[in-house]
Structures are given as C-alpha cells and as structure tokens.
Amino acid sequence: MEQYLFILRNSPFFQGMTEDEILSVLHCVNATVHRKKKDEYILRVGDSTEAMGLVLRGSVLSVQEDLWGHRNIMHRIGPGEYFAESFAVTPGSVLNVSVVAETDTEIMLLNMRNLLHTCPKACAHHNRLIRNLASVMASRIMNLNEKITHMAKRSTREKLLSYLSAESMRQGKLSFSIAYDRQQLADYLCVERAAMSVELSKLQKEGFLKTNRNHFELFADRGEYL
C-alpha cells in the first residue's frame, strides 16, 4: 500500500494523519485495491455495501439512471476523492445511485464496519478518522446543495449561468475549465444536450461568454443584461 501514500496523504479522509497511521488504518479497514475499465460499473442501484471507495487513479461518476437510459450525473470523483461513504456507514442501506468508471480507473475499497465500532487495537487515531469522515460527509452535502441550487433554476439558460458562475467563483477566475464534457454537463444539469448547446451559442453571440470544449471565459460586465 506504500505506493499510494502520496494520494492518501492528500485525501480529506486521511487529513492530519502520519504515513504510519494511514497504513495502520488501511489494515483496520481491510483496504483492497481494484482496477476498473472505462464504463465498467463499480456499484449499481439496488446494491448494498459496507465499503467506501477512494479513487487512486482516473475518475468515476456517481449517476442516477432510469429504465430508458437517461442519466443524471450527481458527482464526478477524481484521485483522492471518495464515493459511497454514506451508504457504507449506514448498515442495510441500498444505493439509489450507480458508480461507474469514467476512465480506466484504480480504486481502493475501505470496509467501514470496523470504523463504526471501537477499534480492538485502541488506535490513537481512530477518533481523528471519525472526525474526518464527518467532514467528508458534510462536504458531500454541500456539493448536493449546490447541485440543487442549479437545478432549481427554471430554464436551461439559468441553470447554465448558475453553474458557470459558481464554478468561476470556486476557481477564483473568469477564464476556467470544467471537469465535464458537454454531454456530462447536460446530464449534471438535467437538461437536453441539444437545448444546452443552443443556449451556449446564444450566450456567446450575446457576449456573455466564450467557450471551447470544456473551457469557458465569462464576461461579468454583461450581467446587467441577463
């Protein structure tokens, strides 16, 4: 597991822990490493799991899908980030999302059952790990709240501008790249890709933004004309 320490040290789940403590935790939670091919499912709707996932290489998507294949992207998860944590710490819960590899991916699964009980070895870092887990789950809730804010907008145009504005402020600049391609962005905002493309074209013609693939440049001085 030592080869993954650089990634793990920078993950919120292991914040404030030494390398020796991280290795001890990996043993306590029966950590295992798995490789998944692009588009391969890691977890599916209806599954239950005791393991939280952590991405080591590549990226995965947390998605909701209906019977007709319509996809709602909930999160994109990259190296050092995590998935299925709330289901792993809730015994008997059933997933209402699927987790699928966006690229060829390497993941680590951490069995959370031991974390929910007093460590039999009385690890000094056990309480810190629980605090980190609470922080991880709080961060996920904030991300969901942001997604709800975008989706609550009435039109495709308003959803786009809400997302792009939030992303610009998060990155602290008017020229930035986003994690999603066009289809993924449409799936994240729960809009039709064709309708979204039309609105992006209009926004460019009206001088609100410039875009090339997943790169955007916003012009804040046009806000008074929205």
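Above this text you will find the structure in question.
The model shown is predicted, which means the values in this text are computed figures rather than measured ones.

Chemist: Would you explain the side chain of Ser93 in this entry?
Modeler: Mapped onto the fold, Ser93 is located in the loop between helix H3 (85-88) and strand S7 (98-101). One polar contact links the side chain of Ser93 to the main-chain carbonyl oxygen of Thr90, over a distance of 2.8 Å. Beyond its immediate stretch of four places on either side in the chain, Ser93 contacts Asp47, Ser48 and Phe87.

Chemist: Would you mind showing me how to read the pairing of strand S5 (residues 71-77) here?
Modeler: When a strand is regular, its side chains alternate between the sheet's two faces. S5 sits mainly inside the fold: five of its seven residues count as buried. Of the strand pairs in this sheet, strand S4 (residues 60-65) and S5 are connected by six bridges, and their pairing is antiparallel. Bridge pairing in S5 places Val60 opposite Ile77. Between the antiparallel neighbours S4 and S5 lie five residues, among them Gly69 with a positive phi of about 85 degrees.

Chemist: Looking at this structure, I do not really get the environment of Leu144. What am I missing?
Modeler: Mapped onto the elements of the fold, Leu144 is located in helix H4 (residues 126-151). Judged by relative accessible area, Leu144 falls into the partly exposed class, the value being 30%. On a C-alpha basis, the gap between Leu144 and His75 in space is 8.6 Å, while along the polypeptide they are 69 residues apart.

Chemist: Whenever I open this one, the packing of aromatic side chains confuses me. Can you help?
Modeler: Scanning the entire structure with this criterion turns up four aromatic pairs. Seen in terms of ring centroids, Phe176 and Phe216 are 6.4 Å apart; in terms of plane orientation they differ by 25 degrees. Their pairing is stacked. Linking Phe176 in strand S9 (residues 175-177) with Phe216 in strand S11 (residues 215-218), this pair joins segments that are 40 residues apart in sequence. Phe176 sits in the buried class, given a relative accessible area of 1%.

Chemist: For this particular structure, what's the right way to read the packing of helix H5 (residues 156-171) against helix H7 (residues 193-205)?
Modeler: Relative placement of two packed helices is described by the angle separating their axes and the distance separating the axes. Direction vectors running N to C along H5 and H7 enclose 70 degrees, while the axes themselves pass 9 Å from each other. Between H5 and H7, the angle falls in the class roughly perpendicular. When the axes of H5 and H7 are compared, the crossing they make is right-handed. Packed against H5, whose contacting residues are Thr156, Arg157, Leu160 and Leu161, the element H7 presents Ala195, Met196, Glu199, Leu200 and Leu203 at the interface. Tallied by class, the residues present in the contact of H5 with H7 amount to six nonpolar, one polar and two charged.

Chemist: I keep staring at the pattern of salt bridges and nothing clicks. Help me out?
Modeler: Any two side chains of opposite charge can pair, so long as their charged atoms come close to each other. Throughout the structure, instances matching the rule amount to 13 salt bridges. When the shortest N-O distance is used, the salt bridge between Glu21 and Arg128 registers 3.3 Å. Taken together, the positions of Glu21 in helix H2 (residues 19-28) and Arg128 in helix H4 put the pair 107 residues apart, joining distant regions of the chain. Accessibility expressed as a relative area gives 26% for Arg128, which makes it partly exposed. Arg140 is paired through a salt bridge with Glu85; the nearest N and O atoms lie 3.1 Å apart. Of the two residues, Arg140 is situated in helix H4 and Glu85 in helix H3; the sequence distance between them amounts to 55 residues. Among the residues examined, Arg140 registers a relative accessible area of 13% and is labelled buried. Residue class for Glu85 comes out buried when judged on its relative accessible area of 2%. Ionic contacts of the salt-bridge type, sharing partners, join the residues Arg157, Glu199, Lys202 and Glu206 into one network.

Reading guide: rules and limits
Residues numbered from 1 in each chain as written. Predicted model: local features only at pLDDT ≥ 70, side-chain atom pairs only at ≥ 80, totals over all residues. Heavy atoms only, no water. Helix = DSSP H or I, 4+ residues; strand = E, 2+ residues; numbered from the N terminus. Polar contact = N/O pair within 3.5 Å; in protein donor to acceptor, adjacent residues only side chain to side chain. Contact = heavy atoms within 4.5 Å. Buried < 20%, exposed > 50% of the residue type's maximum accessible area, 1.4 Å probe, protein only. Pairing = 2+ DSSP bridges. Phe/Tyr/Trp six-rings, centres within 6.5 Å; stacked < 30°, edge-to-face > 60°. Axes fitted to C-alpha atoms, helices over the stretch in contact; angles between N-to-C directions. Parallel < 35°, antiparallel > 145°, perpendicular 65-115°, else oblique. Left-handed = near helix turned anticlockwise from the far one by under 90°. Nonpolar A, V, L, I, M, F, W, Y, C, P; charged D, E, K, R; others polar. Salt bridge = Lys/Arg side-chain N within 4 Å of Asp/Glu carboxyl O.

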